[in-house]
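Residue-level structural notes
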Amino acid sequence: MRNVIPTPFGFLAPLLLAVLVGSAPAQELRTQVASVLAQARATPVADLYPLADELADLAPERRLDSFLAAVMGTAGSSDKPEQRLVGALA
């Protein structure tokens, strides 16, 4: 007979739900960051500073790690220097 500690499903279900719900805002933030950085491709250099302010406004009040990951993942992988500048300024 195996020694197995039974784990009630009532404990795992809320944990799984919290993980799934927690990933939705992060995906939404990445989409918003990507859309702002996409505007940087066709924006003149003089207008990049207001665009960086717009990107910085997307940052949440707490837990900036997800914002940093979204900006670094999108701007860091870009081959456009305008997008990298906007990401760095934000």
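Just above sits the structure.
Residues numbered from 1 in each chain as written. Predicted model: local features only at pLDDT ≥ 70, side-chain atom pairs only at ≥ 80, totals over all residues. Heavy atoms only, no water.

One can find Ala34 in helix α1 (residues 9-39). For Ala34, a relative accessible area of 31% corresponds to the partly exposed category. (Helix = DSSP H or I, 4+ residues; strand = E, 2+ residues; numbered from the N terminus. Buried < 20%, exposed > 50% of the residue type's maximum accessible area, 1.4 Å probe, protein only.)

Relative to the elements of secondary structure, Leu85 occurs in helix α4 (residues 81-89). Exposure remark for Leu85: the relative accessible area of 33% places this residue in the partly exposed category. Counting along the chain gives 36 residues from Leu85 to Tyr49, while the straight-line C-alpha distance between them is 8.9 Å.

Another point: the packing of helix α2 (residues 48-57) against α4. Across the interface, α2 lies against α4 with an axial gap of 8 Å and an inter-helix angle of 55°. When the axis of α2 is compared with that of α4, the two are oblique. Between α2 and α4 lies a crossing of right-handed hand. Mapping the contact onto sequence places Leu48, Tyr49, Leu51, Ala52 and Leu55 in α2 and Glu82, Leu85, Val86, Gly87 and Leu89 in α4. (Axes fitted to C-alpha atoms, helices over the stretch in contact; angles between N-to-C directions. Parallel < 35°, antiparallel > 145°, perpendicular 65-115°, else oblique. Left-handed = near helix turned anticlockwise from the far one by under 90°. Contact = heavy atoms within 4.5 Å.)

In this structure, Val33, Leu37, Leu51, Leu55, Phe67 and Val86 are the most contacted members of the largest nonpolar core, which totals 14 residues. Those elements that place two or more of their residues in this core are α1, α2 and α3 (65-75). Look past the residues within four positions of Leu51 in its chain and what remains in contact with it is Val36, Gln39, Ala40, Thr43 and Val86. (Core = buried A, V, L, I, M, F, W, Y, C linked by side-chain atoms within 4.5 Å.)

This paragraph deals with the side chain of Thr43. Along the chain, Thr43 falls in the loop between α1 and α2. Here Gln39 takes part through its backbone oxygen, which lies 2.5 Å from a polar atom of the side chain of Thr43. Ignoring anything within four residues of it in the chain, the contact list for Thr43 reads Leu48 and Leu51. (Polar contact = N/O pair within 3.5 Å; in protein donor to acceptor, adjacent residues only side chain to side chain.)

Time to look at the side chain of Ser78. Examined against the element boundaries, Ser78 turns out to sit in the loop between α3 and α4. Overall, the relative accessible area of 6% leaves Ser78 in the buried class. Once you skip the residues sitting within four places of it in the chain, Ser78 turns out to touch Gln83 and Arg84.

Attention now moves to α2. Residue pairs three or four apart in sequence face the same way in an α-helix, which turns once every 3.6 residues. Buried residues of α2: Leu48, Leu51, Ala52 and Leu55, and no others. Across the axial projection of α2, the buried residues extend over an arc of 105°, all falling on one side. Opposite the buried face of α2, at more than 90 degrees from it, the exposed residues are Asp53 and Asp57. (Arc of directions from axis to C-beta.)

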